[in-house]
Amino acid sequence: MRVKCVLCDTIHTLDDLSAIAKKLRNRPIHTYMCDPCHERITNKTNDRKATGNFILYRSPAKENEW
Ligand SMILES: [Zn+2]
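Residues numbered from 1 in each chain as written. Predicted model: local features only at pLDDT ≥ 70, side-chain atom pairs only at ≥ 80, totals over all residues. Heavy atoms only, no water.

Trainee: Got a minute to help me understand the coordination of the zinc ion in this structure?
Mentor: For a metal bound by four donors in tetrahedral geometry, the ideal donor-metal-donor angle is 109.5 degrees, whereas six donors in octahedral geometry ideally sit at 90 or 180 degrees. With distances of 2.2 to 2.3 Å, the protein atoms coordinating the zinc ion are C5 (SG), C8 (SG), C34 (SG) and C37 (SG). Note that the zinc ion binds four donor atoms; their angles at the metal cover 105 to 115°, and the shape is tetrahedral. In the primary sequence, the donor residues of the zinc ion line up as C-x2-C-x25-C-x2-C. Residue C5 is located in the loop between strand 1 (2–4) and strand 2 (11–13), and its partner C37 is located in helix 2 (residues 35–52); the two are separated by 32 residues in the primary sequence. (Donors = N, O, S within 2.8 Å, 3.2 Å for Na, K, Ca; no water. Tetrahedral: all angles 85-135°; square planar, octahedral: opposite > 155°, others 65-115°. Helix = DSSP H or I, 4+ residues; strand = E, 2+ residues; numbered from the N terminus.)

Right, here's the structure in full:
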């Protein structure tokens, strides 16, 4: 079957018996992403996660003077 990557609009041919092809056939709404794009997204997500670790949302420390 032929699928189009949602990110780079490249047409890819999938093996009809592959897991991803079956998934797409059962759920036509499921979007296909080619490997390079998938990798890119994964890396980006990881980067964001890594950066996010350095941002701490702390409520200002309040000293209780009672
Ligand atoms: Zn792609």
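Next, the rest of the story.
Trainee: Honestly, a nonpolar patch on the surface in this entry has me stumped. Any pointers?
Mentor: The grouping of V6, L7 and I41 at the surface amounts to a nonpolar patch, some 230 Å² of accessible area in total. Relative to the assigned elements, L7 resides in the loop between strand 1 and strand 2. Exposure remark for L7: the relative accessible area of 45% places this residue in the partly exposed category. (Patch = residues over 30% accessible without salt bridge, like charges linked within 9 Å, V, L, I, M, F, W, Y side chains within 5 Å. Areas by Shrake-Rupley, 256 points an atom, 1.4 Å probe, with all protein chains shown as cover. Salt bridge = Lys/Arg side-chain N within 4 Å of Asp/Glu carboxyl O. Buried < 20%, exposed > 50% of the residue type's maximum accessible area, 1.4 Å probe, protein only.)

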